[in-house]
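Breakdown of the fold
Each chain, letter by letter, is given below.
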Amino acid sequence: MDDVGADCAAFVETTVFLQYFKDMPDQRQPGKVMYPLDEILLLCLLAVLAGAEAFTDIARFGEKKIDLLRRFRPYANGTPAHDHLGDIFATLDAVAFQRCFVAWTAALTKAPAEVIASTARPRAARAERRTQSRRSMSSRPSPPVNGW
């Protein structure tokens, strides 16, 4: 009977985690999505909690623990390979991800969101500055070309 209670508690915690990411924008083309974002996020969370440090570790975890993962979500197409994980995470909005992650962590720890450290903040800020810089550079007129 303890296994049933543990399963229920784990399912509830999974649902709580995914609720914080439900509004996370997914820029992928809906008709081409093989791996739903909620499945990828859950895979990554559990793999990192189990010690994964890179996408290769996460992919390996997914292959070996697919039965465990399917207790929480369907994983109809299995889990993505490491390179696919990298591609998917590259499309995610870092600022939105950081916002969801900090909200979940703050709720979990009962700490104010302002005190939650996140390495995504500096990266997200740098990415935003690069984007703004590219936009401003593309709106500048080209310098005259000297034929000599």
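The sections below set out a description of the structure shown in this document.

Attention shifts here to the overall build of the chain. From N to C terminus, the chain includes 7 helices and 0 strands. Each helix and strand of the chain, placed in order from N terminus to C terminus, yields the pattern α-α-α-α-α-α-α. Residues counted as buried form 29% of the 148 residues belonging to the chain. Within the chain, contacts between residues at least 6 apart in sequence are counted, and of these 57% link residues at least 24 apart. Summed over its atoms, the accessible surface of the chain is roughly 10,200 Å², and 57% of this surface lies on carbon and sulfur atoms.

Turning our eyes to something else, we now look at a nonpolar patch on the surface. A grouping of V12, V16 and Y20 is seen on the molecular surface, where their side chains present a nonpolar patch of about 230 Å² in accessible area. Of note, V16 is situated in helix α1 (residues 2-20).

Turning to the nonpolar core, a few remarks are in order. Ranked by internal contacts, the top residues of the largest apolar core, which has 17 residues, are I40, L43, I58, F61, L69, Y75 and L85. Counting residues per element, this core draws most heavily on helix α2 (residues 37-49), at 6 residues. Ignoring sequence-local partners within four residues, the contact set of I58 consists of L43, C44, A47, V48, A52 and L85. In this structure, F21, L37, L41 and L45 belong to the second largest nonpolar core, which totals 11 residues.

Applying the stated criterion across every chain yields a total of 4 salt bridges. The partner of D23 in a salt bridge is K22, and the shortest N-O contact between them spans 3.6 Å. According to the relative accessible area criterion, D23 is exposed, its value standing at 61%. Notably, a salt bridge pairs R60 with D57, separated by 3.4 Å at the nearest N-O pair. Of this pair, R60 and D57 both sit in helix α3 (residues 55-64), 3 residues apart, which is roughly one turn of that helix. Using a relative accessible area of 43% as the deciding quantity, one classes R60 as partly exposed. In this structure D57 comes out as partly exposed when scored by relative accessible area, which is 25%.

Secondary-structure assignment places E39 in helix α2. Here E39 sits buried without a salt bridge, and the closest side chain of opposite charge, R73, lies 6.3 Å off (N-O distance).

Scanning the model with the defined rule gives 7 aromatic pairs in all. Ring geometry for F17 against W104: centres 4.9 Å apart, planes inclined by 75 degrees, an arrangement best described as edge-to-face. Of this pair, F17 sits in helix α1 while W104 is found in helix α6 (residues 94-109), placing the two residues 87 residues apart along the sequence. Owing to a relative accessible area of 5%, F17 belongs among the buried residues under this scheme.

Quick notes on the rules
Residues numbered from 1 in each chain as written. Predicted model: local features only at pLDDT ≥ 70, side-chain atom pairs only at ≥ 80, totals over all residues. Heavy atoms only, no water. Helix = DSSP H or I, 4+ residues; strand = E, 2+ residues; numbered from the N terminus. Buried < 20%, exposed > 50% of the residue type's maximum accessible area, 1.4 Å probe, protein only. Contact = heavy atoms within 4.5 Å. Areas by Shrake-Rupley, 256 points an atom, 1.4 Å probe, with all protein chains shown as cover. Patch = residues over 30% accessible without salt bridge, like charges linked within 9 Å, V, L, I, M, F, W, Y side chains within 5 Å. Salt bridge = Lys/Arg side-chain N within 4 Å of Asp/Glu carboxyl O. Core = buried A, V, L, I, M, F, W, Y, C linked by side-chain atoms within 4.5 Å. Lys, Arg positive; Asp, Glu negative; His and termini not counted. Phe/Tyr/Trp six-rings, centres within 6.5 Å; stacked < 30°, edge-to-face > 60°.

None of the figures reported here should be taken as evidence of function without further support.
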